[in-house]
Amino acid sequence: MKTKKTPVSRRKFIEASSAIAAGLLLFPKPILGAPAIIKNYNKPNSVIKGVQIGVITYSFRSMPDQSAEATLKYITDSGISAVELMGEPAESFAGMPQSTIDRETYYRLRGKQKSAGGLTEDEKKEFAEMKKQISAHNKAAAKWRATASMDKFEQFKKMYKDAGVSIYGFKPRAFGKNNTDAEIDFGMRAAKALGASHVTLEHPSDDAHTLKLGTMAKKHKIRVAYHGHEQQNPTFWNTALSQSKYNAINLDSGHYVAAGYDPIEFIKKNHSNIYSMHMKDRQNKANGKKNLVWGTGDTPIPQLLKVMSEQKYKFPGTIELEYQIPEGSDAVKEVGKCLEFCRESLA
C-alpha cells in the first residue's frame, strides 16, 4: 500500500529556502562550496589532522540490534565516518540465513575459556552446543554465499555513503581454511561491491593458505590484510608479504604492545604494507596486559596518531572497543569517547 505524501506548501518551501539563503548570506564572500556544505550537513567527519579514524563494527557487538540500519546509526551517532565492517550487517542485509546464537554469551565463554580459571562443566556443555550450532550455520552460509548476488552489497554501500560513512575494510567469516573457494571468491567480490580497499581476517598461521589468499586477491585487485593478537612480532607478516603484493597488514597496536613490542617503530618501517590499524589501550607484559579505558594503559595511541599525521600515512586508525563498558554507558557512547581521545591527541 502506498503512503500518501503530505504536500509541501509553497509558503513553507519559500521559508525553508530563505533560511538556507540567509545562512549563506552571513558570509561576506560567496561560498563556492555551498552545495557541498548542504550535501554534507549533519554527516559525521572523523578525519583529524589528515588521519582517518574509523571503527570496526565488532565494537558494537553488545548493542541489541545488529542490522545494517541499526549498525549505521551506531556508527554515525559515534561521530565516525569510515568503517571496517564485520560480515553480519552486510550479509544479513543481503539475505544470508541468520544465526540464532547469543553473541554476548558466546564471546564471554570464548574469553573465559582462555582465562586461568577456564569454564565450569555446565559452561563447557553450553559452549560445545554453541559451537555445534555455529558449524550448522556455517554450512548454510556457505551454500548461500555460493550464489549470492552483489546487488544488495552495492545498495548497502550506497546507504552508508549517503549517510556519510565509507567502508574501507570487510571482515566476513569467508576466508578461513575451512571456507570453500567459492566463499573466498564471494568475500572478495562483496568487499569490492562495498567499496573496501581490503578484506581482513585473523592470520591463519598457514603459509599455504596465505599464498592461496594472495593469489585469489590478485584476480580481484584487492588486498588481504592479516590481523594478529599476541603472536604479533616484527617479522610476523614477512612470509605472507613475500608471497604476494596483495597480502598486507592489519596491525593491532594494542595486542602488539601486550606482546612486548613498539608499534611506532613498526609502522615507521612497514607503513606501505599496512592497510588499517586497530587501536585499543592494553597494558604491556609487565603491567598485566589488560584492556583499559583509553589513556590509562600502555599503548602509545597519541604518539601513534601524531606519527600518522606528521608522516601523512594513508591507512586508517580503527577504534576497537575492548575494555569493559562502564555501568550506565553503552558501546556507542564509549566509541564516541575514544574518538574524542583521538581529537585531543591530535589537537
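Conventions adopted
Residues numbered from 1 in each chain as written. Predicted model: local features only at pLDDT ≥ 70, side-chain atom pairs only at ≥ 80, totals over all residues. Heavy atoms only, no water. Helix = DSSP H or I, 4+ residues; strand = E, 2+ residues; numbered from the N terminus. Polar contact = N/O pair within 3.5 Å; in protein donor to acceptor, adjacent residues only side chain to side chain. Contact = heavy atoms within 4.5 Å. pLDDT = per-residue confidence, 0-100. Core = buried A, V, L, I, M, F, W, Y, C linked by side-chain atoms within 4.5 Å. Buried < 20%, exposed > 50% of the residue type's maximum accessible area, 1.4 Å probe, protein only. Patch = residues over 30% accessible without salt bridge, like charges linked within 9 Å, V, L, I, M, F, W, Y side chains within 5 Å. Areas by Shrake-Rupley, 256 points an atom, 1.4 Å probe, with all protein chains shown as cover. Salt bridge = Lys/Arg side-chain N within 4 Å of Asp/Glu carboxyl O. Lys, Arg positive; Asp, Glu negative; His and termini not counted. Charge placed at Lys NZ, Arg CZ, Asp CG, Glu CD. Phe/Tyr/Trp six-rings, centres within 6.5 Å; stacked < 30°, edge-to-face > 60°. Lys NZ or Arg CZ within 6 Å of the ring centre and 35° of its normal.

### Observations concerning the side chain of threonine 71
And step 1. With respect to the helices and strands, threonine 71 occurs in helix H3 (residues 68-77).
And step 2. A polar contact of 2.8 Å, which involves the side chain of threonine 71, links it to the backbone oxygen of serine 67.
And step 3. With residues up to four places along the chain from it excluded, the contact list for threonine 71 reads Thr57, Gln66, Pro89 and Tyr160.

### Here we look at the confidence of the model for the chain
And step 1. Scored by pLDDT, the chain has a mean of 90; 88% of the residues are at 70 or more.
And step 2. The low-confidence segment residues 1-33, where pLDDT is below 50, has 5 contacts with residues more than four positions distant or belonging to other chains.

### Focus on the nonpolar core
And step 1. In this structure, Ile53, Phe153, Ile267 and Ile319 are the most contacted members of the largest nonpolar core, which totals 78 residues.
And step 2. If you look at the next biggest cluster of nonpolar residues, it comprises 10 residues, including Met86, Ile101, Leu109 and Phe127.

### Some points on a positive patch on the surface
And step 1. Together, Lys192, Lys218, Lys221 and Lys245 give the surface a local cluster of positive charge.
And step 2. Following the sequence through the fold, lysine 192 ends up in helix H8 (residues 181-194).

### Overview of the packing of aromatic side chains
And step 1. One pass over the full model with this rule turns up 14 aromatic pairs.
And step 2. Ring geometry for tryptophan 144 and phenylalanine 186: centres 5.7 Å apart, planes at 75°, overall edge-to-face. Here tryptophan 144, found in helix H6 (residues 121-145), pairs with phenylalanine 186, found in helix H8; they are 42 residues apart in sequence, far enough to count as distant. For the pair tryptophan 144 and phenylalanine 186, a shared accessibility class is recorded, and that class is buried.
And step 3. One aromatic cluster is present, formed by Phe236, Trp237, Tyr256, Tyr261 and Phe266 through successive ring pairs.
And step 4. A cation sits over an aromatic face here: arginine 61 above tyrosine 58, 3.9 Å from the ring centre.
And step 5. In this arrangement the basic side chain of lysine 152 is found over the ring face of phenylalanine 93, its NZ or CZ atom lying 5.0 Å from the centre.

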